[in-house]
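# Working through the structure, step by step
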Amino acid sequence: MKTPTPIAEITGTGRFLPDNIVTNDDLAEKLDTSDEWIHSRTGISERRIAPDGMFTAHLGAEAAKAAMTEAGVEPGEVDILIVSTATPDRWLPSTACDIQAVLGCKNAVAFDLMAACTGHIYALSMAEGYIAAGRAEVALVVAAEKMSAIVDWSDRTTAVLFGDGGGAAVLRPCNGSGRGILSSHLQSDGNLADLLYRPGGGAIDPVSQSVLDEGRHLMRMHGREIFKNAVRSMAEACDIAMNKAGLTANDIDLLVPHQANIRIIEATAKYAGIPMDKVFVNVEKYGNMSSATVPVAFDEAREQGRVVPGSNVLTVAFGAGLTWGAMALRM
Ligand code: COA
């Protein structure tokens, strides 16, 4: 397939991580676990945990400021602000509206998008569509997650996996530059919703004393099933996105995958035919920050010079829903 002409390009990226580092040994003081178990099964050594008083909107707004600075965009120029989050600060209004107020993006339409760990790729694709329709010149796409607020800290099977952080990107029409989003493939399967979910606290099972006593407002996961589905879905999404972009695995300069588990990353890269020296990995430092992992990794990869003008980058993610997706970009 011929490489399509991109419509929208990323002109700035940013990230924000709380300073507070929690190591595997720190967790082993409170849970029946060990650094050896966590590191060998997941590749995670430490994660950032937001302190009390630092919320999802803060993580997102700080990442957004960095992306806007690089893109040279003033708050009033943003036409659309999409925030992907699985950890909104409040059920009403959206975290996007809170971030809009912090940033002063008074001319933007602002809303949250919920696609769990795949959220940033979904949001970039939605923003691209808005730009393609001629409805926006500047799109701000933010991923912000305070996973520590929904983790069951007494459950060693989930508590050791997650961390907090925010990432962001500014998207603009590319006006013939040839750089930008080449393709994307998004998919979901609601039949598998109960593999990773929060049973209570929503409209089905509103907050009550029993919800709180039994921890039904916290995240639950079937790890093994998630693992199998993640590898299969991400490998397939990579193939489809590369095919739509007219690229083969050999053309990819860097794969920026969702950072949930090093074993999932390695298996996905293997199936996609991309060697590990062309795969960006930072899961050891941050754990799984849900939708924030891809933009944080993307921003770090750019900072480290692993993404340069002309690079072909493939991003891929997987998460609750189930949702999954991949996007090919030329930078
Ligand atoms: N520390 C020590 N032991 C632990 C542990 C921990 N943190 N968590 C689980 N165990 C134990 C289990 O209780 C089990 O013990 P048992 O054999 O006595 O019953 C044993 O380790 C093996 O558990 P299992 O769940 O089979 O391990 P696993 O090899 O499948 O690894 C995950 C568990 C969670 C690391 C792995 O399934 C995984 O990464 N899944 C995907 C999760 C994910 O990425 N979710 C987000 C998607 S966006």
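Above this note sits the structure.
Residues numbered from 1 in each chain as written. Predicted model: local features only at pLDDT ≥ 70, side-chain atom pairs only at ≥ 80, totals over all residues. Heavy atoms only, no water.

## Quick look at the site of the ligand
Residues in contact with the ligand amount to 22 residues; listed here are only the nearest, Thr33, Arg41, Arg156, Arg224 and Asn261. With respect to the ligand, the side chain of arginine 224 contributes an N or O atom lying 2.8 Å from an oxygen atom. The protein chains hide 74% of the 970 Å² of surface that the ligand would expose on its own. Contributing elements (two or more residues each) for the shell around the ligand: helix 2 (35-42), helix 6 (156-159), helix 8 (223-244), helix 9 (262-272) and strand 12 (312-319). In terms of residue count, the dominant contributor to the shell around the ligand is helix 8 (four residues). Considered class by class, the residues forming the shell around the ligand number nine nonpolar, eight polar and five charged. Formed jointly, the shell around the ligand draws a minimum of three residues from each of two domains, domain 1 (8-177) and domain 2 (181-330). (Near = heavy atom within 4 Å. Polar contact = N/O pair within 3.5 Å; in protein donor to acceptor, adjacent residues only side chain to side chain. Areas by Shrake-Rupley, 256 points an atom, 1.4 Å probe, with all protein chains shown as cover. Helix = DSSP H or I, 4+ residues; strand = E, 2+ residues; numbered from the N terminus. Nonpolar A, V, L, I, M, F, W, Y, C, P; charged D, E, K, R; others polar. Domains from an automatic or database assignment.)

## Some points on the pairing of strand 7 (residues 164-173)
With nine of ten residues buried, strand 7 is to be regarded as a mostly interior element. Examined bridge by bridge, strand 1 (residues 8-16) and strand 7 share eight bridges and lie antiparallel to one another. Each residue of the ladder has a partner; that of isoleucine 10, found in strand 7, is leucine 171. Inspection of the sheet shows strand 6 (residues 139-146) paired to strand 7 by eight bridges, in the antiparallel sense. Pairing of alanine 139 across the sheet is with leucine 171, part of strand 7. (Buried < 20%, exposed > 50% of the residue type's maximum accessible area, 1.4 Å probe, protein only. Pairing = 2+ DSSP bridges.)

## Focus: the packing of helix 3 (residues 56-71) against helix 4 (residues 95-103)
Across the interface, helix 3 lies against helix 4 with an axial gap of 9 Å and an inter-helix angle of 50°. What the angle tells us is that helix 3 and helix 4 run oblique. The way helix 3 lies across helix 4 gives a crossing that is right-handed. Counted together, Thr56, Ala57, Gly60, Ala61, Ala64, Lys65 and Met68 of helix 3 and Thr95, Asp98, Ile99, Val102 and Leu103 of helix 4 form the full contact between these two elements. Class assignment for the residues of the contact of helix 3 with helix 4 results in seven nonpolar, three polar and two charged. (Axes fitted to C-alpha atoms, helices over the stretch in contact; angles between N-to-C directions. Parallel < 35°, antiparallel > 145°, perpendicular 65-115°, else oblique. Left-handed = near helix turned anticlockwise from the far one by under 90°. Contact = heavy atoms within 4.5 Å.)

## What to know about the pattern of salt bridges
For the coordinates displayed, the defined rule picks out twelve salt bridges. As a salt-bridge pair, arginine 15 and aspartate 299 come within 2.7 Å of each other at their nearest N and O atoms. With arginine 15 in strand 1 and aspartate 299 in helix 11 (residues 293-303), the pair connects residues that are 284 residues apart, well separated along the chain. One salt bridge connects arginine 90 with aspartate 98, and the closest N-O pair in it is separated by 2.7 Å. Look at arginine 90 and you get partly exposed, because its relative accessible area is 44%. In this structure, a network of salt bridges that share partners links the residues Arg15, Lys285, Asp299, Glu300 and Glu303. (Salt bridge = Lys/Arg side-chain N within 4 Å of Asp/Glu carboxyl O.)

Purely geometric numbers; function is a separate question.
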